[in-house]
Amino acid sequence: MSAATQRGSSERAWQYHSRSDTHSKIACWTLLFDLLNECDVFRRDAAAGLVGFGINHVMVGPINKTLDLVVTRITPGRSRGGRKTFAELAQVYGIVLDEQESLLLAALPTIEGEIRRQDVSEVTIALEAKACMTEHGKSLPRLHAEILATGYLAKRAQPRCITVSYSLVNAATSFRTPSDTGKGKTNVHKQPTDTRKVVEMLGRAIPLARDVPSIGYDVLGLTVVDCRNDGSPVTVVDSDPAPSRAHHLHYEQMLRSLCAEYRARFAT
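Below: a short report on this structure. (Residues numbered from 1 in each chain as written. Predicted model: local features only at pLDDT ≥ 70, side-chain atom pairs only at ≥ 80, totals over all residues. Heavy atoms only, no water.)

Examining the pattern of salt bridges
A side chain of one charge can pair with a side chain of the opposite charge if their charged atoms are brought near each other.
Part 1: Counted according to the given criterion, the structure contains 14 salt bridges.
Part 2: The residue D218 makes a salt bridge to K155 at a minimum N-O spacing of 3.0 Å. Residue D218 is located in the loop between α6 (193–204) and β9 (219–226), and its partner K155 is located in helix α5 (residues 136–157); the two are separated by 63 residues in the primary sequence.
Part 3: Residue K155 is classed as buried on the basis of its relative accessible area of 12%. (Salt bridge = Lys/Arg side-chain N within 4 Å of Asp/Glu carboxyl O. Helix = DSSP H or I, 4+ residues; strand = E, 2+ residues; numbered from the N terminus. Buried < 20%, exposed > 50% of the residue type's maximum accessible area, 1.4 Å probe, protein only.)

Have a look at this one:
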């Protein structure tokens, strides 16, 4: 996210723009990259040609819902051409990788994305990515309602899929927010209080499936970032108000939980 790009209708390049889904695409791509590198059984299925994925994919159910990321089983006999691969999407989304990350990407199995409705035999992972970058208190009710609704609809559409909620929460003391004039204005945050309220809501008010099977998520996680949206580097916050490494919301714990769920349900 440190690399500013053209977002929305603004003439100015921004690191984050609420009217663009670039941040969501980057978050989904990065999570899938890490899952491929960290989860042996998932990487093995990908190498066997069993894994497909889609970003901004419409999941058909009681109410059709666009999911930020879905991972699917490949339909037998699906044609192999005409779709961008996971590696190619890094360039499409403007994702900047260092030398080590580029080597890791080159070593991963080839996965074709851009799945179509007829491609989907079974959804294995349904992930909703959210961001709370500014006006934290004002955003809480909407964030809570949208996360709950998405988990419920995904479960209704594909009862066996692994539902995942992943959020980016901004801990910066100020944030340059795009305005209608395109010049932006600066919002001042009360930190760490603002971020802590969001982190606590995600940990306490979003149910897990083990407690509430009908609407709970199988996996929850978040990343706390320091993003001033003014061109300065975006960094990951590991200390308070971010969850500890032992907490189920921590990014590394989220990956471990997702890998364990995949192994239990879909390992071949």
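What follows continues from the structure just given.
Describing the pairing of strand β6 (residues 162–170)
Part 1: Of all nine residues making up β6, nine are buried, and the element is well covered by its neighbours.
Part 2: Note: β6 against β9, seven bridges, orientation parallel. From the neighbouring strand, S165 faces β9, where its bridge partner is L220. (Pairing = 2+ DSSP bridges.)

Some points on the nonpolar core
One broad trend across soluble globular proteins is that nonpolar side chains are buried collectively.
Part 1: Counting residues in each nonpolar core, the largest one holds 48 residues, and the members touching the most others are W29, F42, F53, F86 and I125.
Part 2: At nine residues, helix α1 (residues 22–38) tops the list of elements feeding residues into this core.
Part 3: Leave out the neighbours within four places in its chain, and W29 touches F86, L89, A90, Y93, I95, L97 and L105.
Part 4: In this structure, V199, M201, L208 and L249 belong to the second largest nonpolar core, which totals 19 residues. (Core = buried A, V, L, I, M, F, W, Y, C linked by side-chain atoms within 4.5 Å. Contact = heavy atoms within 4.5 Å.)

Function cannot be inferred from these measures alone, as they are strictly geometric.
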